[in-house]
Number of protein chains: 2
Amino acid sequence: MSKPTPLSGFPELLPEQRVVEQQVIDTLRHTFELHGFAGIETRAVEPLDQLLRKGDTSKEVYLLRRLHEESAEGHAGIGLHFDLTVPFARYVLENAGKLEFPFRRFQIQKAWRGERPQEGRYREFTQADIDIIGRDELPFHHDVEVTRVMVDALNRLDFLPAFRLQVNNRKLIQGFYAGLGVADTDEVMRIVDKLDKLPAEKVHAMLVAEAGVDAATADRVLSLATISAADDSFVDAVRALGVEHPLLEEGLAELGQLVRACADLVSDRVQVVADLSIARGLDYYTGTVFETRLEGYESMGSICSGGRYDALASDGRTTYPGVGISLGVSRVVVPLIARTGLTATRKVPSAVVVAVVSEESRPESEAVAGALRARGIPCEVAASAQKFGKQIRYAERRGIPYVWFPDQGEVKDIRSGDQVLADPATWTPPIDDLRPQVVTSSIEEKKQ
Amino acid sequence: MSKPTPLSGFPELLPEQRVVEQQVIDTLRHTFELHGFAGIETRAVEPLDQLLRKGDTSKEVYLLRRLHEESAEGHAGIGLHFDLTVPFARYVLENAGKLEFPFRRFQIQKAWRGERPQEGRYREFTQADIDIIGRDELPFHHDVEVTRVMVDALNRLDFLPAFRLQVNNRKLIQGFYAGLGVADTDEVMRIVDKLDKLPAEKVHAMLVAEAGVDAATADRVLSLATISAADDSFVDAVRALGVEHPLLEEGLAELGQLVRACADLVSDRVQVVADLSIARGLDYYTGTVFETRLEGYESMGSICSGGRYDALASDGRTTYPGVGISLGVSRVVVPLIARTGLTATRKVPSAVVVAVVSEESRPESEAVAGALRARGIPCEVAASAQKFGKQIRYAERRGIPYVWFPDQGEVKDIRSGDQVLADPATWTPPIDDLRPQVVTSSIEEKKQ
């Protein structure tokens, strides 16, 4: 077989890069579990009628067909899921009788979309979703909860760039438009959502031409969208525009509560900002909406989005309202690895290579390794009984910090050259050496 | 939407069942990392020419096609991988210049096969593979190593039934057949591999009719296949059959070494047995072969298989020999959940529900929860300020053992009813209560 080449849109990682992704996933899972979210997985496939309920994504679905299947329609009409929300809504309906509500779940899985690959957009990608689902009702404090959980998680990802979580509320926007007397609030919202791609004058013209509002109304619509604040001062800024509507009041109260409730979690790495231009397009959100920008990667768009949906799922008799956020793990990790050389301090979990004096004495080296593993220290035994200099090179090439010499009963830190007497029943490396650490290549090079 | 129904062959787990699967996966990963194996993932798809290299599985491949794609051939000829070996061989060739050999990797991922579903056989399933790959050569001690790693892992899965790891060596079989003067050793091996499904007389008749050996030779072929021992006494049993061949000697030496080297790891839960009937069919193995039976589930066949392949991958110039074992995670977990009610002590990670006295005082409950989480104790705040009796019921329904009353500064173990004064900055639950524990439903019911 000749050397295979990568498939565009299906990124794969080297072992030391996978350490970065795995650490992101582990940190997310740890945080979600601390907050009482249950981890589930759903199957990779859904019936096509489920996948195509939102018509606008239909082009991106991968259909499945068995190689020797007669039907050209695909295997019983199934395709790969393109997000984790559609499968989760189906899972809730299917298992409603066995779940306890409110149901907090996290789900970290791959999804697939057949769209054109670009930076941060892949055909196969990993997402990390959290949602809280109620039966019939779900109090607003859960909107605060999911926000706080995700901010907590992002704060813990301290090897990533800064995050800017932008929050808004569709009640606020729709109430404001209704107060202005706008007839088709959805159409206005759709056009305003283009503000991150088009200049304000162009959006203004579209509002007049396509949504049929007068120029003065379009001015006020755009004024609302320019309001942004890291605290609840946005409330006064909206009031100063002189529009009144009960739904607007409800939205202002909710968004104000959300921003105030997150104030204690805000750090130099994670900001929470009320940004009244955020609307999440044509999605099914009905209240709180989230988008998140990664500092230095704003052109990728939102890498962590979500919101409140008053009817995530319904079986006709019961409605399940929910609120959730989805972090694009691949969207964040893959471009960072490519652009900044984010990697790990070593290519293997091993903290120690136990040297082998001769093939006959390999069991003695195994015994040292066994004693270290029994105390949770990852290690490997050298592959062959070469000269010790070569066994040290073996460790170096993998970034393994320690080599153990069983014949001498000593362990060497090959970075400093320090070699000390050591007992495998008691010796422990410094905590930072126990597992591979995430670093950027430049830092790693400096260390060496 | 009406209530959705499950898709046959695509098993999904309830949150408390997912705890079981997650614990299996976590234990495997922890063990593999302790032994220095690097975790990687490969993309879910491979080019069809890769997937169809082994013609006999071609019927099972799922092809991908984008919904609006013109070509009926599928998207650029890609399909879902049906195991983790084919993708790994491709990954090694693609990244050979960036990997260090011998390369130890583990890979825990889903795979898909469009075959007819039955117990232990699914269309979507999770596998856990370990392999060690060399460049040009790979010493036999790595065969011992992968065996010991998997036995270590199985020993740690102490909530599962007992495992019986059956090992053999194809050099031993082929050498024995060659010493007997058998011309087509592969054909004899293929027929002998049917011994677990057909009676010995039938296999004997097939050996004579299809492989063209005489009755006396067929007798001796079957005699070899009946030999089985938990120690290296099988060597004398083979020698007693009076066949001689250099390849047979090599196989006997390797298999003897393997069984002796695993003796210290054998427990009442994990046996390692030399079983000379094991041949792994028509696979690409060239030396050591493994199969594993799960006690009480022998009808499912082998749930953990593998072996040595002298050419896992080759780019024409360089050959990459390897040795590996693959554990069928879904094959083990899903039937056990269905048959024995294997589950977790609770449906959520939370060890504690912090009660809410009134909606106004929710931040005080949040503060208690925050203090507990800061010390690694998973918890959740009650969803509403109901009467405490209802909040206790909320915890009970989820299996959460503790309820914290912030107004009283007390925590109650709702199983025993014991309630004590507690400080969220210092209180810690017993270690067994910190995370959900895996139990069978009957045990869980007894506890309650």
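Residues numbered from 1 in each chain as written. Chains lettered and ligands numbered in written order. Predicted model: local features only at pLDDT ≥ 70, side-chain atom pairs only at ≥ 80, totals over all residues. Heavy atoms only, no water.

## Points about the pattern of salt bridges
Then, number 1: Under the criterion given, the structure shown has 66 salt bridges over all chains.
Then, number 2: Its salt-bridge partner being A:R90, residue A:E94 comes within 3.0 Å of it at the nearest N-O pair. Of this pair, A:E94 and A:R90 both sit in helix 3 (residues 85-95), 4 residues apart, roughly one helical turn. The burial state of A:E94 is the same as that of A:R90; both residues are buried.
Then, number 3: The salt bridge partner of B:R260 is B:D232, with a shortest N-O separation of 2.8 Å. With B:R260 in helix 10 (residues 246-262) and B:D232 in the loop between strand 8 (228-229) and helix 9 (234-239), the pair connects residues that are 28 residues apart, well separated along the chain.
Then, number 4: By relative accessible area, which is 48% here, B:R260 ends up partly exposed.
Then, number 5: Members of the salt-bridge network, linked through shared partners, are A:E12, B:R43, B:E46, B:R90 and B:E94. (Salt bridge = Lys/Arg side-chain N within 4 Å of Asp/Glu carboxyl O. Helix = DSSP H or I, 4+ residues; strand = E, 2+ residues; numbered from the N terminus. Buried < 20%, exposed > 50% of the residue type's maximum accessible area, 1.4 Å probe, protein only.)

## As for the relation of the copies chain A and chain B
Then, number 1: Each copy of the sequence occupies a distinct position, and chain A is placed on chain B by a rotation of 180 degrees and an axial shift of 0.0 Å, giving an RMSD of 0.0 Å. With respect to symmetry, the two chain copies, as superposed, fit the operation of a two-fold axis. Considering only C-alpha atoms, the residue of chain A closest to the rotation axis is A:L64, which sits at 2.5 Å.
Then, number 2: When the interface residues of chain A are mapped onto chain B, 100% of them are again interface residues, pointing to one common binding face. (Least-squares fit on C-alpha atoms with pLDDT ≥ 70 in both. Contact = heavy atoms within 4.5 Å.)

## Considering the interface of chain A and chain B
Then, number 1: Each side of the interface is counted separately: chain A has 89 residues, and chain B has 89 residues.
Then, number 2: At the boundary of chain A with chain B, total buried surface from both sides reaches about 7900 Å², with 54% on carbon and sulfur atoms.
Then, number 3: Across the chain A-chain B interface, the total number found is 14 salt bridges.
Then, number 4: Close ionic contact of B:R397 with A:E100 constitutes a salt bridge, the shortest N to O distance being 3.0 Å.
Then, number 5: Bridge count for strand 3 (residues 62-66) of chain A against strand 3 (residues 62-66) of chain B is 5 bridges, and the pairing is antiparallel. From the neighbouring strand, A:R66 faces strand 3 of chain B, where its bridge partner is B:Y62. (Buried area = accessible area lost by both parts, 1.4 Å probe. Pairing = 2+ DSSP bridges.)

## Describing the domain arrangement of chain A
Residue and element names in this part refer to chain A.
Then, number 1: Domain boundaries in chain A define domain 1 (15-343) and domain 2 (347-447).
Then, number 2: Spacing between the C-alpha centres of domain 1 and domain 2 amounts to 45 Å.
Then, number 3: With 10 residues of domain 1 in contact, the opposing surface of domain 2 contributes 8 residues.
Then, number 4: For the pair domain 1 and domain 2, the summed buried area comes to about 720 Å², and 61% of that belongs to carbon and sulfur atoms.
Then, number 5: For domain 1, the biggest contributors to the area lost against domain 2 are E16, V19 and T343; these three give 52% of the whole.
Then, number 6: Linking K347 and E16 is a salt bridge whose minimum nitrogen-to-oxygen distance equals 3.6 Å.
Then, number 7: Our count for the domain 1 to domain 2 interface comes out at 1 residue pair in polar contact (both at pLDDT 80 or more).
Then, number 8: Elements with a contribution of two residues or more to the side of domain 1 that touches domain 2: helix 1 (15-34) and strand 13 (342-344).
Then, number 9: Broken down by class, the residue content of the side of domain 1 that touches domain 2 amounts to 5 nonpolar, 4 polar and 1 charged. (Domains from an automatic or database assignment. Polar contact = N/O pair within 3.5 Å; in protein donor to acceptor, adjacent residues only side chain to side chain. Nonpolar A, V, L, I, M, F, W, Y, C, P; charged D, E, K, R; others polar.)

## Structural notes on the sheet that holds strand 17 (residues 410-413) of chain A
Residues and elements named next belong to chain A.
Then, number 1: Here 5 strands make up an open sheet; going across it, the order is 15-14-16-17-18 and the pairing mixed. Looking at which strands have only one partner, the edges of the open sheet turn out to be strand 15 (379-381) and strand 18 (419-421). Within this sheet the neighbouring strands show an average axis-to-axis angle of 25 degrees, counted without direction.
Then, number 2: In this structure, strand 14 (residues 352-354) lies alongside strand 16 (residues 402-405), joined through 3 bridges in parallel fashion. Bridge assignment links V353 to a residue of strand 16, and that residue is V403. (Axes fitted to C-alpha atoms, helices over the stretch in contact; angles between N-to-C directions.)

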